[in-house]
Amino acid sequence: MPTFPTRFVYFTGLRREIFRNVRLTGSWDASGRRSDAWTTVPMTPFVAADGCPAYAATVDLEGEAGDELAWGVQLDGPQGIDLWGIMTEVGDTGSTDRRRTFRLRGGAGAGPQEEHYHLTHCRRLGAQKHYRPGAEDPGIQFSVWAPNARAVEVVFGEFRPGDPARQTGHVAEDGTGIDPAVGPFTLRRTSDDPGVWDGTWRTDPDEAALGDFRDFDHRPYMFRVTRDDGSVRYRTDLHSRCQIGKGHVDPGLPDYVDPVHGRGTGRYSGHYTELDGTKGCSVVIDPDTVTRHFEEQVWPEIEFVAADEFWRDEVSHEHPVPRRVEDLVIYELHVGSLGFGTGRPGNFGDALEFLDYLVELGVNAVELLPVMEFKGRAQWGYGTSHYFAMEFSAGGRDQLKHLVRACHRRGIAVILDVVYNHYVHDADRAQWMYDTAGHESNVYYWYEGRASDHAGFEAAAAAYAANPDGRDNPPVPGHGGYVDNLSTGYAPRYHEEMVRKMFIASAVALAEEFHVDGFRFDQTTSIHSYNVLHGDGRKLGHVNVFGAKFLRECARTLRLVRPQLMLTAEDHSGWDRVTRPPEQDGLGFDAVWDAAFYHHLVGDADDRGPADARLIKVAGEGGDGPLALDLFAGALGGSGGRKVVYSESHDEAGNAAGTHRTLVVAAGGEPPVGSIRRYAEARSRWAFAMAALSAGTPMFLMGEEVGATRKMLHDRVLESQEDLLGDRSGGGARMFRYYGDLIRLRLGHEALRSREIEVLHVHERNRVLVFRRWAGAEQFLVAASLNNAPFASGYVVSHPSLGTAGWKEVFNSDAGFYGGEGVGNAGRTLPSQDGRIDLVIPANGVVVFQRAP
């Protein structure tokens, strides 16, 4: 029987050596014959050409060409011992198995067959360091995934330091802007084994001109791709670590007028600071260094330090960074909405200066709206174009690292909002038609079947093209087979491993290179539940299955590399598997955003109805009628089920139709001034207390703590900027103190951070809600009223859980220094007797009691 020497390699793509005792296991016996009983052998560690740890083993397999076998890897790592090292599920909708399969190829004596698995693509694609055998210093290798391309080259944009007239950072479609002094270099189809090609193109590893990485550090570049129809297009590197361009100019727009080249040429003669980074060149970056200073007056910067040195003093023992979701109080921060008074969107420098404010407020986690490269600069960032590049106009990758380090030194965890449910809506030069002219082979987008399968849609599109009627979202020829997922643009191609790995590797890189502490995944319901065919709206269950596979693979990989990462999801499905571990067929998230909590609590969006309590909206509209507290009590009682709860988020602060800032909602939509503001602040304090004292993880949007009133709109960032620092010491000082005191109360007691909660009393006509929180012997009682008059003579609550005990008032939202009337229990200890207690509860207020020992 023929023998097939087969070399198996497990590439990590990670600079840290985090795995031990790595073993190959496969479906063959000790003699190499195919078997149902798998055999395990040790793998030998080595440093791969990317400079990262890798592991290899060679096995002589016996069989016939075409025989199918399977393999995997076991290892010990940060998560534990005997872990399964393959994160990728098989491409079968009915299986969650994670084994790699292959067929024996060639014949006896043909040389070792190669089978590879890449845990991450962090150092595989793009402009990467490449270590040649025997070389001490790395060269550079350019790699790109373009399975439909006929040919690929890398070209370099002209950029002359010190000469602003030659710093455009742009290559036009006719080649204008290419630096003739370097390159181009041809990329060739490369494969781990001659029998299999995965669509990857690479420069020649022995190319002498690419022998020194330093020669290319910070050079702008693009890929010149000859697509499947012979057309040539210039494409950015989707794995680039930097996109040059700090502005909003898109030279490709037909009405763009260049002062040198004229209208509609696609050429650009301006400076890179005015160019939109999504359309500019990619830039070679050394991921193993960080700028010594937060900011220099020149770019590229001059002084760098090794990454290990930069992170050496990252953590303060005096201010430990929280590592559990339930221990967080999250401040949702849009960096661009800082910078009040500057006339520009905020940047990482503004965020760095803002940290003392956050420390005084007392939050221990900041969640940044997306900071990866997006179109323009005055946006929220939810249209990500390049998943490894940080928004250049905000300060770029190294400034984000400085910000993360500064947060950690203050005990503040950093959570990044990531968008893997769609791409930037204008993805030309990025994901859209990257290497093809045909929709059916548009590799980054999910297209179902062939164009001929969607004849009805195509006929409608042709009819519309012949006789347009001006409707919104008209049918576009060729688009019938795309998948919609109720987010921006068409769904990513989750069944393609290279697409999934791009997203996953970006998250791993953020964790490894930027030391972020967690992620909030945008609209995961679009990934695993909302997928429909664009042509006819038909539900696509198999697409949902692959979306779930992607989310599990992502969670598994992140946990394998950094088990303490905190993962939350914006998910509206109510699916209990979202917060189950992948080992239990779950998606692996620690918690989900609870939008229902918000809609019951505030609920001012136009699309909400009687199914939501909408407490603050109804109370703000006036009157003394009953409130649907029972509906809210259900959400409050369920908040311990791995939820992130909030009284305001970016979407509900003016961006969704009908929504306003909480203070405005609490004022009934009126300007919150004078006596109206007094009532509005009381109701706003009530709203935040419900989130802060719930059993969920509380979060609030920037500005809530000082009573911000301006709407936040995703595309009008400058209009939403408010003087938070000024308000903190001015009109918002009392709210700021209230938020800080309540945050410190929660963080100071395990009982208030636990997931334990019990609603004891709900009275809709009295507008009173009472609940308790506990952990071990520590107990708290919370009495909350949205009644417009206080229960100054007492309010009796009866419930067996109160028992016979003493309850000391430890917090009162109506205190005078918060702007209240001072109605309360004066810090006294009140007795409960046989489950009955008599409390003073202020109007539109909350009082908190701690059970006496």
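Quick caveat: nothing in here was measured; it's all calculated off a predicted structure.

> Looking at this structure, I do not really get the pattern of salt bridges. What am I missing?
Between side chains of opposite charge, a pair can form when the charged atoms approach closely. With the rule as written, the count across this model stands at 69 salt bridges. In this structure, E89 and K549 form a salt bridge, with 3.0 Å as the shortest nitrogen-oxygen distance. A residue pair is termed long-range when its members are at least 10 positions apart, and E89 in the loop between strand 7 (80-84) and strand 8 (100-103) and K549 in helix 7 (residues 541-561) qualify at 460 residues. Residue classification places E89 among the buried residues on the basis of a relative accessible area of 6%. Between D327 and R753 there is a salt bridge; the shortest N-O distance is 3.1 Å. Of this pair, D327 sits in the loop between helix 1 (307-310) and strand 22 (330-333) while R753 sits in helix 16 (residues 750-753), placing them 426 residues apart in sequence. You can call D327 buried: its relative accessible area is 16%. What makes R753 buried here is its relative accessible area of 14%. Salt bridges sharing partners connect three or more residues here, namely E89, K549, R552, R556, R577 and D585.

> Can you walk me through the nonpolar core in this structure?
What tends to happen in soluble globular proteins is that the nonpolar side chains get buried as a cluster. Core analysis: the largest hydrophobic core is formed by 212 residues, its most contacted members being Y10, Y331, F519 and M690. If one sorts the elements of this core by residue count, helix 5 (residues 497-514) sits on top with 12 residues. Ranked by size, the runner-up nonpolar core spans 17 residues in total, among them V770, L781, L830 and I841.

> Can you walk me through the sheet that holds strand 26 (residues 413-418) in this structure?
Remark on secondary structure: sheet strands pair via backbone hydrogen bonds, oriented parallel or antiparallel. One closed barrel accounts for 8 strands, arranged 22-23-26-28-30-31-32-33; its pairing is parallel. The sheet shows a mean angle of 30° between the axes of neighbouring strands, direction not considered. Sheet analysis places strand 28 (residues 518-521) next to strand 30 (residues 566-569), joined by 4 bridges and oriented parallel. What sits directly across from R520, in strand 30, is T568.

> Just to check I follow, could you spell out the packing of aromatic side chains for this structure?
Remark: the centre distance and the inter-plane angle together describe each pair of aromatic rings, the angle taken between the planes. For the structure shown, the criterion picks out 57 aromatic pairs. The interplanar angle of 85° and the centroid separation of 5.4 Å between the aromatic rings of F159 and W299 together place this pair among those described as edge-to-face. A residue pair is termed long-range when its members are at least 10 positions apart, and F159 in the loop between strand 12 (151-156) and strand 13 (185-189) and W299 in the loop between strand 20 (289-291) and strand 21 (304-306) qualify at 140 residues. A residue is classified by how much of its surface remains accessible, and F159, at 8% relative accessible area, is buried. In this structure W299 comes out as buried when scored by relative accessible area, which is 12%. Each ring, one from Y738 and one from F811, has its centre 5.7 Å from the other, and the planes form 45°; the classification is tilted. Note that Y738 is positioned in helix 15 (residues 733-747) and F811 in strand 38 (residues 805-812), a separation of 73 residues in sequence. A residue is classified by how much of its surface remains accessible, and F811, at 7% relative accessible area, is buried. Sitting above the plane of the W593 ring, R520 keeps its charged end 4.1 Å from the centroid. Lying over the aromatic face of Y679, R678 brings its terminal NZ or CZ to 4.9 Å of the ring centre.

> Can you help me understand the sheet that holds strand 1 (residues 3-11) in this one?
Taken in spatial order, the 4 strands make up an open sheet running 4-5-1-9, and their pairing is mixed. Where the open sheet ends on each side, the last strands, each with one partner, are strand 4 (44-47) and strand 9 (113-118). Each neighbouring strand pair of the sheet contributes to a mean axis angle of 30°, computed without reference to strand direction. In this structure, strand 4 lies alongside strand 5 (residues 53-62), joined through 4 bridges in antiparallel fashion. Opposite V47, over in strand 5, you have P53 as the bridge partner.

> Even after reading the chapter, I still don't get the packing of helix 5 against helix 7, so can you show me in this structure?
For any two helices packed against each other, one specifies the inter-axial angle together with the distance between the axes. With their axes 10 Å apart at the nearest point, helix 5 and helix 7 run at an angle of 30° to one another. One finds that helix 5 runs roughly parallel with respect to helix 7. The two elements helix 5 and helix 7 meet at a crossing, and its hand is right-handed. Where helix 5 approaches helix 7, its residues R500, K501, F503, I504, A507, V508 and E512 are matched on the opposing element by F550, E553, C554, T557, L558 and V561.

> I tried to follow helix 2 (residues 348-361) on my own but got confused; where do I start?
Note on helix geometry: an α-helix contains 3.6 residues per turn, so any two residues three or four positions apart are oriented the same way. Over its 14 residues, helix 2 runs 19 Å from end to end, which matches the ideal 20 Å to within 8%, given 1.5 Å per residue. By the largest-angle criterion, F354 marks the main kink of helix 2, which is about 35°. Of all the positions in helix 2, only F348, G349, D350, A351, F354, L355, Y357, L358 and L361 are classed as buried. Lining the buried residues of helix 2 we find strand 22, strand 23 (365-368), helix 3 (396-409), strand 33 (697-701), helix 14 (724-729) and helix 15. The opening residue of helix 2 is N347, an N-cap whose side-chain oxygen sits 3.0 Å from the backbone nitrogen of G349. Immediately downstream of helix 2, the backbone of G362 shows phi near 100°, a positive value.

> Would you take a moment to explain the pairing of strand 33 for this structure?
Side-chain direction in a regular strand flips from residue to residue, so the side chains alternate between the two faces of the sheet. Among the 5 residues that make up strand 33, 5 are buried, leaving the element largely enclosed by the rest of the structure. What you see with strand 33 is no split at all: T697, M699 and L701 on one side and P698 and F700 on the other are buried throughout. Here 3 bridges tie strand 22 to strand 33, and the two strands are oriented parallel to one another. Residue pairing for strand 33: Y331 is matched across the bridge by F700. Relative to strand 33, strand 32 (residues 643-646) is paired through 3 bridges, and the arrangement is parallel. Paired with V645 across the two strands is P698, which belongs to strand 33.

The rules behind each value
Residues numbered from 1 in each chain as written. Predicted model: local features only at pLDDT ≥ 70, side-chain atom pairs only at ≥ 80, totals over all residues. Heavy atoms only, no water. Salt bridge = Lys/Arg side-chain N within 4 Å of Asp/Glu carboxyl O. Helix = DSSP H or I, 4+ residues; strand = E, 2+ residues; numbered from the N terminus. Buried < 20%, exposed > 50% of the residue type's maximum accessible area, 1.4 Å probe, protein only. Core = buried A, V, L, I, M, F, W, Y, C linked by side-chain atoms within 4.5 Å. Pairing = 2+ DSSP bridges. Axes fitted to C-alpha atoms, helices over the stretch in contact; angles between N-to-C directions. Phe/Tyr/Trp six-rings, centres within 6.5 Å; stacked < 30°, edge-to-face > 60°. Lys NZ or Arg CZ within 6 Å of the ring centre and 35° of its normal. Parallel < 35°, antiparallel > 145°, perpendicular 65-115°, else oblique. Left-handed = near helix turned anticlockwise from the far one by under 90°. Contact = heavy atoms within 4.5 Å. Expected span 1.5 Å × (residues − 1). Bend = angle between axes of the 7 residues up to and from the residue. Polar contact = N/O pair within 3.5 Å; in protein donor to acceptor, adjacent residues only side chain to side chain.

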